[in-house]
Amino acid sequence: MEYPKTSLVANGLLAVSETGSTNQDLLALADSKNNPEFFTLITEFQTAGRGRLDRKWQAEPGSSVMASVLLRPSFKDPAGIGWLSLMMAEAIREALAEAGVDSKIKWPNDVLVNGQKISGVLAEANSDFSALVVGFGINVNQSAKELPTGSATSLLLAGASSVDRDHLLAKTLSSFKNLYLELVEAGGDAVASGLRERVTKSSSTIGELVEVSFPDGTSAVGEATQIDEGGRLKVVTSSKTLTVSAGDVLHLRTAKLED
Ligand code: BT5
């Protein structure tokens, strides 16, 4: 497939029909070649698509948008870096809205339509943090039986048929670029750049009763009250306030819809 609209937004575009993982490939390219910021790698099919915590991202060939964008942030503040997944989720939400589909961001990296996952984002860095890639998958044309889980949805299932994947990707990248350049201008300060306010407005997690599962296997239940200046989730439990930087969140009031 050709991506003429995306080529105008990306700072160099490589489109391959199949690969293991666009995130993995772009991280390797970032180290070996001096590709610039917003260089984008897109594929029609991944054989080893990555999610967080060794999970998999699965999509049928040609059914979705799967891409990774290269960044080389001038700010070294980890707080700014913590925002990149949420920033891409916001850009995707804006692109879906343009396609006529309302969605919400579920902290830390999902985009949901009526509680079902239409998109996931994975930000990864190379070993010395000189390059970051933000990868994302957006389900476009899948029918219910082509999706890997019952909690997933696609633009087609959400009522948007014949979506042009090139246009969707170009819109996502251009929204992302605007948000990112505003963050760079604010020195990586997501509060000053207005990013936190935008993501908070788009979030279905804030104000929810949540169960957080931590990578070490423990969990906690409380109310998600805000996203802090580093992109972390504040959760007020019956005994304390937690600041969550990594974990999975289950929205308890809407859990039936999501799982
Ligand atoms: C994510 O992880 O949601 C991040 C997904 C990032 C995928 C992109 S594709 C381009 C780039 N290159 C890569 O190799 N990865 C990125 P996580 O929050 O851990 O969610 C993973 C879980 O989502 C899986 O365990 C499944 O339950 C579910 N899942 C897998 N494929 C899905 C799909 N197509 N739609 C909805 N849910 C899916």
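Procedures and definitions
- Residues numbered from 1 in each chain as written.
- Predicted model: local features only at pLDDT ≥ 70, side-chain atom pairs only at ≥ 80, totals over all residues.
- Heavy atoms only, no water.
- Core = buried A, V, L, I, M, F, W, Y, C linked by side-chain atoms within 4.5 Å.
- Buried < 20%, exposed > 50% of the residue type's maximum accessible area, 1.4 Å probe, protein only.
- Helix = DSSP H or I, 4+ residues; strand = E, 2+ residues; numbered from the N terminus.
- Domains from an automatic or database assignment.
- Contact = heavy atoms within 4.5 Å.
- Arc of directions from axis to C-beta.
- Near = heavy atom within 4 Å.
- Polar contact = N/O pair within 3.5 Å; in protein donor to acceptor, adjacent residues only side chain to side chain.
- Areas by Shrake-Rupley, 256 points an atom, 1.4 Å probe, with all protein chains shown as cover.
- Nonpolar A, V, L, I, M, F, W, Y, C, P; charged D, E, K, R; others polar.
- Pairing = 2+ DSSP bridges.
- Axes fitted to C-alpha atoms, helices over the stretch in contact; angles between N-to-C directions.

1. Observations regarding the nonpolar core
Logical step 1: Counting residues in hydrophobic clusters, the biggest one holds 57 residues, and the most contacted among them are Met-88, Phe-136, Leu-155, Leu-168 and Phe-176.
Logical step 2: The dominant element in this core, judged by the number of residues it contributes, is helix H4 (residues 84-98), at nine residues.
Logical step 3: Here this core gathers at least three residues from each of two domains, domain 1 (2-199) and domain 2 (204-252).
Logical step 4: The contact partners of Phe-176, leaving out residues within four places of it in the chain, are Phe-38, Leu-71, Leu-84, Met-87, Met-88, Ala-91 and Val-134.
Logical step 5: Formed by nine residues, the second largest nonpolar core is a distinct cluster that contains Ala-30, Leu-70, Ala-131 and Val-133.

2. Looking at helix H2 (residues 22-32)
Logical step 1: By the burial criterion, the buried members of H2 are Thr-22, Asn-23, Leu-26, Leu-27, Leu-29 and Ala-30. Looking straight down H2, one finds that the buried residues subtend no more than 165° of arc, so they occupy a single side. Away from its buried face by more than 90 degrees, H2 exposes Asp-31 and Ser-32.
Logical step 2: The elements touched by buried residues of H2 are strand E1 (13-16), strand E2 (40-43), strand E3 (64-71), strand E6 (116-125) and strand E7 (132-139).

3. A word on the site of the ligand
Logical step 1: Around the ligand, the structure places 28 residues, and the nearest of them are Ser-21, Arg-50, Arg-55, Gln-58 and Lys-117.
Logical step 2: Here a nitrogen atom of the ligand and a side-chain polar atom of Thr-22 are 3.0 Å apart.
Logical step 3: A distance of 2.8 Å is found between an oxygen atom of the ligand and a side-chain nitrogen or oxygen belonging to Arg-55.
Logical step 4: The protein chains hide 91% of the 800 Å² of surface that the ligand would expose on its own.
Logical step 5: Every element with two or more residues in the shell around the ligand is listed here: H2, E3, E6 and E7.
Logical step 6: Among the residues making up the shell around the ligand, the classes are represented as eight nonpolar, 14 polar and six charged.

4. Points about the sheet that holds strand E12 (residues 248-251)
Logical step 1: Taken together, five strands build an open sheet; the order of strands is E11-E10-E9-E8-E12 and the sheet is antiparallel. Across the chains shown, the open sheet's two edge strands, defined by having one partner strand only, are strand E11 (241-244) and E12. Going across the sheet, the axis of each strand differs from the next one's by a mean of 45°, ignoring polarity.
Logical step 2: The pairing of strand E9 (residues 219-227) with strand E10 (residues 233-236) spans four bridges and is classified as antiparallel. Residue pairing for E10: Ala-224 is matched across the bridge by Val-235.

5. Remarks on the sheet that holds strand E5 (residues 110-113)
Logical step 1: With mixed pairing, seven strands are arranged side by side in an open sheet as E1-E2-E3-E7-E6-E5-E4. Bordering the open sheet on either side are E1 and strand E4 (104-106), each of which pairs with just one other strand. Within the sheet, the average angular offset between the axes of one strand and its neighbour, ignoring direction, is 20°.
Logical step 2: Where E3 meets E7, eight bridges bridge the pair, whose relative direction is antiparallel. In the strand pairing of E7, Leu-71 is matched with Leu-132.

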